[in-house]
Amino acid sequence: MQLAREGMTMNDEPPGPCAQGEANWYAVQCKPGQEQRAHENLINQGFTCFFPQVQVERIRSGARKQKLESLFPGYLFIELKVGGEDWSVIRSTRGVLRLVRFGSQPTPIPRAAMGAIMARTGAAEGAEQIFKTGDAVRITRGPFADLDAVFDRFNGEERAIVLISMLEKQHKLALAVGDISRGD
């Protein structure tokens, strides 16, 4: 996967126990070929979902055709609050098989990994669900790595403007969306 090549793995943040009321991203396993159906039904129920798709070119009957395909066949992502929502309705949603879990609890996906996936698929609308103006963020890569900042706005599909405090003044800094994570 492309994330590992750029120095980021899916385990950059330990899952660990999550604070009550904190929103995290989780993977949802869908029934075969029903990712779109599951996505639509979860959205209709008021859940925040992300269904990454990529444009691929296929040759069918000697003609090149563009087609949208799932980046992770059989899976989509959902944002849930720990202890804040009734997760049992997800299992009974049409198209959904189960929440991905290790042991008895669903395992959260690190926000940095979700941000990187959204940035690489050009899903600014999905990234907007992760970061909102005024959110505390942490810069994860580059010369300002490990500094805390405040999210200001998106600048295109793959860039974000953050505010950092240096020398008793706030400065605007443009970064790749994948270079920031929620500052907890």
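Heads up: the structure comes first, above all this text.
This text gives an overview of the structure that appears in the document. (Residues numbered from 1 in each chain as written. Predicted model: local features only at pLDDT ≥ 70, side-chain atom pairs only at ≥ 80, totals over all residues. Heavy atoms only, no water.)

Some words on the environment of R153
For the record, the criterion: Elements are defined by DSSP. Helices are runs of H or I of four residues or more, strands are runs of E of two residues or more, and each kind is numbered from the N terminus. Between two residues, a contact is recorded if the distance between any of their heavy atoms is within 4.5 Å. Side-chain atoms alone can form a polar contact between residues adjacent in sequence; in general such a contact is a pair of N or O atoms within 3.5 Å, and within protein one must be able to donate a hydrogen while the other accepts it.
Tracing the backbone shows R153 in strand β10 (residues 148–154). Separated by 21 residues in sequence, R153 and K132 have C-alpha atoms that sit 7.4 Å apart. If we ignore the near neighbours within four places in the chain, the residues touching R153 are A160, I161 and K172. A polar side-chain atom of R153 sits 2.7 Å from a polar atom in the side chain of D152.

Overview of the packing of aromatic side chains
Formally: Stacked, tilted and edge-to-face are the three classes applied to pairs of Phe, Tyr and Trp rings, where Trp contributes its six-membered ring and a pair requires centres within 6.5 Å; stacked means planes under 30 degrees apart, edge-to-face means over 60, and tilted covers the rest. Exposure classes here rest on a 1.4 Å probe applied to the protein chains alone. A residue is buried below 20% of its type maximum, exposed above 50%, and partly exposed in between.
Within the structure shown, the criterion is met by two aromatic pairs. Ring centres of F50 and F77 lie 6.3 Å apart, and the angle between their planes is 25°; this geometry places the pair in the stacked category. Of this pair, F50 sits in strand β2 (residues 48–50) while F77 sits in strand β5 (residues 75–81), placing them 27 residues apart in sequence. Overall, the relative accessible area of 5% leaves F50 in the buried class.

So, the sheet that holds strand β13 (residues 180–182)
Using the following cut-off: Here a strand pair is declared whenever DSSP counts at least two bridges between the two strands. Interaxial angles span 0 to 180 degrees and are taken between N-to-C directions of axes, which are lines fitted to C-alpha atoms, for helices over the stretch in contact.
One open sheet accounts for five strands, arranged β12-β11-β10-β9-β13; its pairing is antiparallel. Only two strands of the sheet have a single neighbouring strand rather than two, namely β12 (169–176) and β13. Put simply, the sheet's adjacent strands are angled 45° from each other on average, direction ignored.

Thoughts on the pairing of strand β11 (residues 159–166)
Looking at chain direction, β10 and β11 are connected through four bridges and run antiparallel. What sits directly across from F151, in β11, is V162. Here β11 pairs with β12 via eight bridges, running antiparallel. From the neighbouring strand, I161 faces β12, where its bridge partner is A174.

What about the environment of A149?
Among the structural elements, A149 can be located in strand β10. Taking the C-alpha atoms as reference points, A149 and S181, 32 residues apart in sequence, are found 10.0 Å from one another.

Some points on the nonpolar core
We apply this condition: Here, nonpolar core refers to any group of buried Ala, Val, Leu, Ile, Met, Phe, Trp, Tyr and Cys residues whose side-chain atoms link them within 4.5 Å.
Core analysis: the biggest nonpolar cluster contains 16 residues, and L42, I78, L80, I90 and L99 have the highest contact counts within it. Among the secondary structure elements, those contributing two or more residues to this core are β1 (23–30), α2 (35–44), β5 and β6 (96–99). Among all residues touching L99, those that are not within four sequence positions of it are Y26, A27, V28, I78, L80, W87, I90 and P106. Of all hydrophobic cores here, the second largest spans 14 residues; its members include F131, A149, F151 and V177.

Observations regarding the pattern of salt bridges
Here is the rule: Note on definitions: salt bridges are taken to be side-chain nitrogens of Lys or Arg within 4 Å of carboxyl oxygens of Asp or Glu.
One pass over the full model with this rule turns up four salt bridges. Note that R111 and E79 form a salt bridge whose closest N and O atoms lie 2.8 Å from each other. Residue R111 is found in helix α4 (residues 111–120), and its partner E79 is found in strand β5; the two are separated by 32 residues along the sequence. An identical accessibility class is assigned to R111 and E79; each is buried. D179 is paired through a salt bridge with R141; the nearest N and O atoms lie 2.8 Å apart. Residue D179 is located in the loop between β12 and β13, and its partner R141 is located in the loop between β9 (136–139) and β10; the two are separated by 38 residues in the primary sequence. What makes D179 buried here is its relative accessible area of 16%.

Here's the deal with the environment of A145
As for its position among the elements, A145 is in the loop between β9 and β10. Accessibility expressed as a relative area gives 30% for A145, which makes it partly exposed. Distance from A145 to I180, taken between C-alpha atoms, is 8.9 Å for residues 35 residues apart in sequence. Ignoring sequence-local partners within four residues, the contact set of A145 consists of I139 and T140.

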